[in-house]
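Chains, contacts and geometry: an overview
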Amino acid sequence: MNFLIRFRIFAFLFLLINVGFFFPIFSESKTIKFTLEPERDDIIQYEIELWKAPNFDLEIPFRVLSNPGKIQLFIPNGYEYFRIRAVAKRQVRGFWTDLYSVSSFGKSKPKEPNKIIARKQVTSDVLVPILNKEGTNHFYLTENKIQVKPILNHPMKTTIRYRLNGGPWFVTREPELSFTKDGDYKLEYQVTNELGVSDSIQVWDFSVDLTPPNTEFHWQLPLYRKSSSFFVGPNTNLELQSQDAGSGLDVIRFRTICGKNPPSDWYLWDNKNSWKNIVQSCSEDLDLEISATDKLGNEEVPKKIQIKRFPKEN
């Protein structure tokens, strides 16, 4: 159960989800001032991590906690980056933002003409919120199972009564439920301690999405066909359309193999310019691989197009 963070900059607007964040109207050396505004009532706190370098494997970050409202963040010497995530009730944590450079915080960045897209970052959270077509968040399971463990202030034996999708009630110590099919689920559970005291019934509504998107190729005219082969000319464009019935489409990525060269990096597909740039960048036979990813990180098995070049006839 996570909540993304939305950054609103003083001069211009970045949109993420679940938290409003104004870029600084004033900054000092090693001090940044901003405002954290929760868009959900259950967001009660924020975690801020300070990093010396943008490499999560080489250091332990300096972490501070903050309540919503106006923040004055002091950056110790040697720390050049920071990121933020929201914390909701019952210690439910949201996604971390990207790492932001302290020196360039609040400054606009030039647009990248063709952004490299890496695999979606794996999260340790069991449930994550994803914005649906209606503009509201719906929760999705990030693993194939849920294990319900009560959070206790003092060591004490407990039992958990639970049911799934309105079915029969079961009682056990720590239920573990597996989910292998896409669909909507409703989990209800209640914790009772050894003194017979029970808390209120907790309800989790969420969906399971294990199916990646499916991408279709659409060639724009002029397109020529001879026997089982298709021929494209310099004015033919390739348009990709990906559909995802679950959490929704995130990105369409592509990479190329020109001649005997190694594969390129993965890039974000742009229906207007990508095909033209691909054709112009390689004068040899070309392999094009396409893979779409949904908002949970389910990745489509790459589809491949083989393009063979024929010499122009005089």
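That block above? That's the structure.
As the structure is a prediction and not an experimental result, all values here were calculated from the model.

Moving on, we come to the environment of Ile 44. Along the chain, Ile 44 falls in strand 4 (residues 43-51). Judged by its relative accessible area of 40%, Ile 44 falls in the partly exposed class. Counting along the chain gives 42 residues from Ile 44 to Ala 86, while the straight-line C-alpha distance between them is 7.9 Å. With residues near it in sequence (within four places) discarded, Ile 44 still touches Asn 67, Pro 68, Val 87, Ala 88 and Lys 89.

Empty space among the atoms becomes visible once a probe the size of a water molecule is rolled across them. This model, assessed by the stated rule, comprises 1 cavity of 30 Å³ or more. By volume, the largest cavity is sized at about 40 Å³. Trp 275, Val 279, Cys 282, Glu 284, Leu 286, Ile 307 and Arg 309 are the residues that line the largest cavity.

Here Asn 298 lies in the loop between strand 24 (286-294) and strand 25 (303-307). Residue Asn 298 is classed as buried on the basis of its relative accessible area, which comes to 17%. With 48 residues separating them in the primary sequence, Asn 298 and Asp 250 have C-alpha atoms 9.6 Å apart. For Asn 298, the residues in contact, after removing those within four places along its chain, are Asp 209, Leu 210, Thr 211, Pro 212, Pro 213, Ala 292 and Thr 293. Polar contacts involving the side chain of Asn 298 include one to the main-chain carbonyl oxygen of Asp 209, which spans 2.9 Å.

A word on the pattern of salt bridges. The final tally for this structure, using the stated rule, is 10 salt bridges. Of the charged contacts in the structure, one is a salt bridge between Arg 85 and Glu 47, with a shortest N-O distance of 2.7 Å. Of the two residues, Arg 85 sits in strand 7 (residues 81-88) while Glu 47 sits in strand 4, which places them 38 residues apart along the sequence. Grouping residues by exposure puts Arg 85 and Glu 47 together as buried.

It is worth spelling out the state of the cysteines at this point. When the sulfur atoms of two cysteines share a covalent bond, that bond is a disulfide. This structure, assessed with the given rule, holds 1 disulfide. Residue Cys 258 pairs covalently with Cys 282 via a disulfide, S to S 1.9 Å. Residues Cys 258 and Cys 282 are joined by a disulfide whose S-S torsion is about 85°; by sign, that bridge is right-handed. Within this pair, whereas Cys 258 is found in strand 22 (residues 249-258), its partner Cys 282 is found in the loop between helix 1 (274-281) and strand 24, the two being separated by 24 residues in sequence. We note that Cys 258, like Cys 282, is buried.

For the structure shown, the criterion picks out 10 aromatic pairs. Judged by centre distance (6.2 Å) and plane angle (35°), the rings of Phe 82 and Tyr 100 are tilted. Here Phe 82 is found in strand 7, whereas its partner Tyr 100 is found in strand 9 (residues 100-101), with 18 residues between them in sequence. Phe 82 gets classed as buried once you look at its relative accessible area, which sits at 0%. Residue classification places Tyr 100 among the buried residues on the basis of a relative accessible area of 14%. Each member of the aromatic cluster is reached from another via a ring pair, and the members are Phe 179, Tyr 185 and Phe 206. Positioned over the ring face of Trp 169 is Arg 161, at 4.0 Å from the centre of the ring. Seen from the ring of Trp 266, Arg 253 lies directly overhead, with NZ or CZ sitting 4.4 Å from the centre.

With 17 residues, the main nonpolar core has Phe 34, Leu 50, Leu 73, Phe 82 and Ile 84 as its most contacted residues. Among the secondary structure elements, those contributing two or more residues to this core are strand 3 (31-38), strand 4, strand 6 (69-74) and strand 7. Among the elements that make up this core, the one with the highest residue count is strand 4 (4 residues). Core analysis: the next-biggest nonpolar cluster, separate from the first, contains 16 residues, Leu 127, Ile 146, Tyr 162 and Tyr 189 among them.

This brings us to helix 1. Every buried residue of helix 1 is accounted for by Ser 274, Trp 275 and Ile 278. Along the long axis of helix 1, the arc covered by the buried residues comes to 95°, so they all point the same way.

What follows is about the sheet that holds strand 22. Reading across from one edge, 23-22-24-25 is the order of the 4 strands in this open sheet, with antiparallel pairing throughout. The open sheet terminates on both sides in strands that have one partner only, identified here as strand 23 (267-268) and strand 25. With 9 bridges joining them, strand 22 and strand 24 adopt antiparallel strand pairing. If you follow Val 251 over to strand 24, its bridge partner there is Thr 293.

Cut-offs applied
- Residues numbered from 1 in each chain as written.
- Predicted model: local features only at pLDDT ≥ 70, side-chain atom pairs only at ≥ 80, totals over all residues.
- Heavy atoms only, no water.
- Helix = DSSP H or I, 4+ residues; strand = E, 2+ residues; numbered from the N terminus.
- Buried < 20%, exposed > 50% of the residue type's maximum accessible area, 1.4 Å probe, protein only.
- Contact = heavy atoms within 4.5 Å.
- 1 Å grid on protein atoms, 1.4 Å probe; cavity = no way out; pocket = protein on both sides within 12 Å on 5 of 7 lines; lining within 4 Å.
- Points joined across faces, edges and corners; volume = space filled by probe spheres on them.
- Polar contact = N/O pair within 3.5 Å; in protein donor to acceptor, adjacent residues only side chain to side chain.
- Salt bridge = Lys/Arg side-chain N within 4 Å of Asp/Glu carboxyl O.
- Disulfide = S-S within 2.5 Å.
- Phe/Tyr/Trp six-rings, centres within 6.5 Å; stacked < 30°, edge-to-face > 60°.
- Lys NZ or Arg CZ within 6 Å of the ring centre and 35° of its normal.
- Core = buried A, V, L, I, M, F, W, Y, C linked by side-chain atoms within 4.5 Å.
- Arc of directions from axis to C-beta.
- Pairing = 2+ DSSP bridges.

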